[in-house]
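Working through the structure, step by step
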Amino acid sequence: MKTISELTDFYYNTLYPVLQKLEEERKNIKKRIISVAILYTLIIFGVFFAILGHFNFEAFIYVGIFYVATLASIYRYLISDYTSDFKAKIIAPLIYEIDKNLNYLPKLHIPTTEFNHSQLFINRPDRVSGNDYVRGKIDDIEIAFSDFHAEKKYKDSKGRESWETIFQGLFIISDFHKEFHGRTIILPDTAQSLFGNLIGSWLQANNFSRNELIKMDNVAFEKEFVVYGTDQIEARYILTHTLMQKLLNYKKKTKHPIYVSFIGGKIYMAIEYNDDMFEPSIFHSLLEYKIAMKYVATLHLAIGIVEELKLNQKLWSKV
């Protein structure tokens, strides 16, 4: 697989003429967004004070919510064509440069059934969204990933609806070259980090929504993760010292919370992010090094799971 350095060179050398054209388009869209936002703000709040004649806090809150929601819709509309161009002319070539066997479907996402099958999150989503679906083979290893946002709907005693995020970020699925009879699930260790070893360990052991707690003999791994599974022996067979260290290294590289499960011969990985990873920057130049690195590094991180965890080394065979 191409290195980050090679992909960065490709971004700035091969794609540079396209980037320059997109950069001009970005500047024009930025000006349009600012102009529309100022005009829209003046109209909305001008009408608000003209109708009421005085400041009303409750009405102001409702108008504010409406204002933010509609402004967000206007923003998405104004950047839609630019976003499509950026993904077709920049993200797609970057992906194909990594490996020609990968397919890029910018408007699709990981199937909801796969998200649920991972069993990484207790709640099943009532609403999902996502984009930038990549699937294919790296060194004969099936891999798929996308941005994914899963939400749960709640109603209060008055019937008012609210939505809570279950997960938002990068969701990755890959072959692991072994059929597992059980399930092994690795979650961020929040209990011990919040409440200390004694109380945290008790909370982990009494998490009735999960299978049996499995303690690993790797202090650094235990500090970062908590492991649950249906089979103690199988979990330790999967999580060798080498793999635990690789997962620690991978977490350090992502700089974000990660969730991992091993089910049915596959590895599922969820990496929490608060934004769409492959959406184009509007308020920063596409020619800036740190902006370029965001796209290059994220793609390399997702696709690099095959090499990072050595999934292409067939240490086991499927049964």
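See the structure shown above.
So, here's what we can say about the structure. None of these values were measured; they are calculated from a predicted model.

**Here's the deal with the overall build of the protein**
When helices and strands are counted, the protein shows ten helices and nine strands. Residue pairs at least 24 apart in sequence account for 67% of intrachain contacts in the protein once pairs closer than 6 positions are excluded. Total accessible area computed for the protein in this model is approximately 17,000 Å², and 56% of it derives from carbon and sulfur atoms.

**Observations concerning the pattern of salt bridges**
Going through the model one piece at a time under the given rule, you end up with eleven salt bridges. Salt-bridge contacts for Glu24 lead to Lys27; the nearest nitrogen and oxygen are separated by 3.8 Å. Here Glu24 pairs with Lys27, and both are found in helix α2 (residues 16-52), just three residues apart, close to one helical turn. Of the residues examined, Glu24 reaches a relative accessible area of 45% and is grouped as partly exposed.

**Section: the environment of Tyr104**
For Tyr104, the location among the structural elements is in strand β1 (residues 102-105). The class for Tyr104 is buried, based on a relative accessible area of 8%. Sequence separation between Tyr104 and Ala144 is 40 residues; the distance between their C-alpha atoms is 9.9 Å. Discounting chain neighbours no more than four positions away, the residues touching Tyr104 are Lys87, Ile91, Ala92, Ile95, Tyr96, Asp132, Tyr133 and Val134. Only 2.6 Å separates the side chain of Tyr104 from the side chain of Asp132, close enough to count as a polar contact.

**Let's talk about the sheet that holds strand β9 (residues 266-272)**
Read across the sheet, nine strands follow the order β1-β2-β3-β4-β9-β8-β5-β7-β6 without closing on themselves; strand pairing throughout is antiparallel. Here the strands that pair on one side only, and so sit at the sheet edges, are β1 and β6 (212-214). The sheet shows a mean angle of 20° between the axes of neighbouring strands, direction not considered. Relative to β1, helix α3 (residues 57-98) is tilted by about 160°, and along the sheet it contacts β1 and β2 (127-138).

**Some words on the packing of aromatic side chains**
Taken as a whole and judged by the stated rule, the model has 15 aromatic pairs. Geometrically, the ring pair formed by Phe115 and Phe171 is tilted, given 5.4 Å between the ring centres and 55° between the ring planes. Of this pair, Phe115 sits in helix α4 (residues 112-117) while Phe171 sits in strand β4 (residues 161-175), placing them 56 residues apart in sequence. You'll find Phe115 and Phe171 in the same group, each marked buried. Considering the side-chain rings of Phe121 and Phe167, the 5.4 Å spacing of their centres and the 35° angle between planes classify their relative orientation as tilted. With Phe121 in the loop between α4 and β2 and Phe167 in strand β4, this residue pair connects regions lying 46 residues apart in the sequence. Pair check on accessibility: Phe121 and Phe167 agree, each one buried.

**Topic: the nonpolar core**
With 67 residues, the main nonpolar core has Tyr11, Ile172, Phe262 and Met269 as its most contacted residues. By residue number, the principal contributor to this core is α3, which donates ten residues. Discounting chain neighbours no more than four positions away, the residues touching Tyr11 are Tyr16, Leu19, Ile90, Leu94, Leu286, Ala292, Tyr295 and Val296. In this structure, Tyr133, Phe148, Ala150 and Phe171 belong to the second largest nonpolar core, which totals 21 residues.

**As for the pairing of β2**
Examined bridge by bridge, β1 and β2 share four bridges and lie antiparallel to one another. Residue pairing in the sheet places Leu102 in a bridge with Gly136 of β2. Pairing of β2 with strand β3 (residues 141-155) involves ten bridges; the strand directions are antiparallel. Each bridged residue has a counterpart across the sheet, and for Arg127 the counterpart in β3 is Glu151.

Reading guide: rules and limits
- Residues numbered from 1 in each chain as written.
- Predicted model: local features only at pLDDT ≥ 70, side-chain atom pairs only at ≥ 80, totals over all residues.
- Heavy atoms only, no water.
- Helix = DSSP H or I, 4+ residues; strand = E, 2+ residues; numbered from the N terminus.
- Contact = heavy atoms within 4.5 Å.
- Areas by Shrake-Rupley, 256 points an atom, 1.4 Å probe, with all protein chains shown as cover.
- Salt bridge = Lys/Arg side-chain N within 4 Å of Asp/Glu carboxyl O.
- Buried < 20%, exposed > 50% of the residue type's maximum accessible area, 1.4 Å probe, protein only.
- Polar contact = N/O pair within 3.5 Å; in protein donor to acceptor, adjacent residues only side chain to side chain.
- Pairing = 2+ DSSP bridges.
- Axes fitted to C-alpha atoms, helices over the stretch in contact; angles between N-to-C directions.
- Phe/Tyr/Trp six-rings, centres within 6.5 Å; stacked < 30°, edge-to-face > 60°.
- Core = buried A, V, L, I, M, F, W, Y, C linked by side-chain atoms within 4.5 Å.

Geometric values such as these leave the question of function open.
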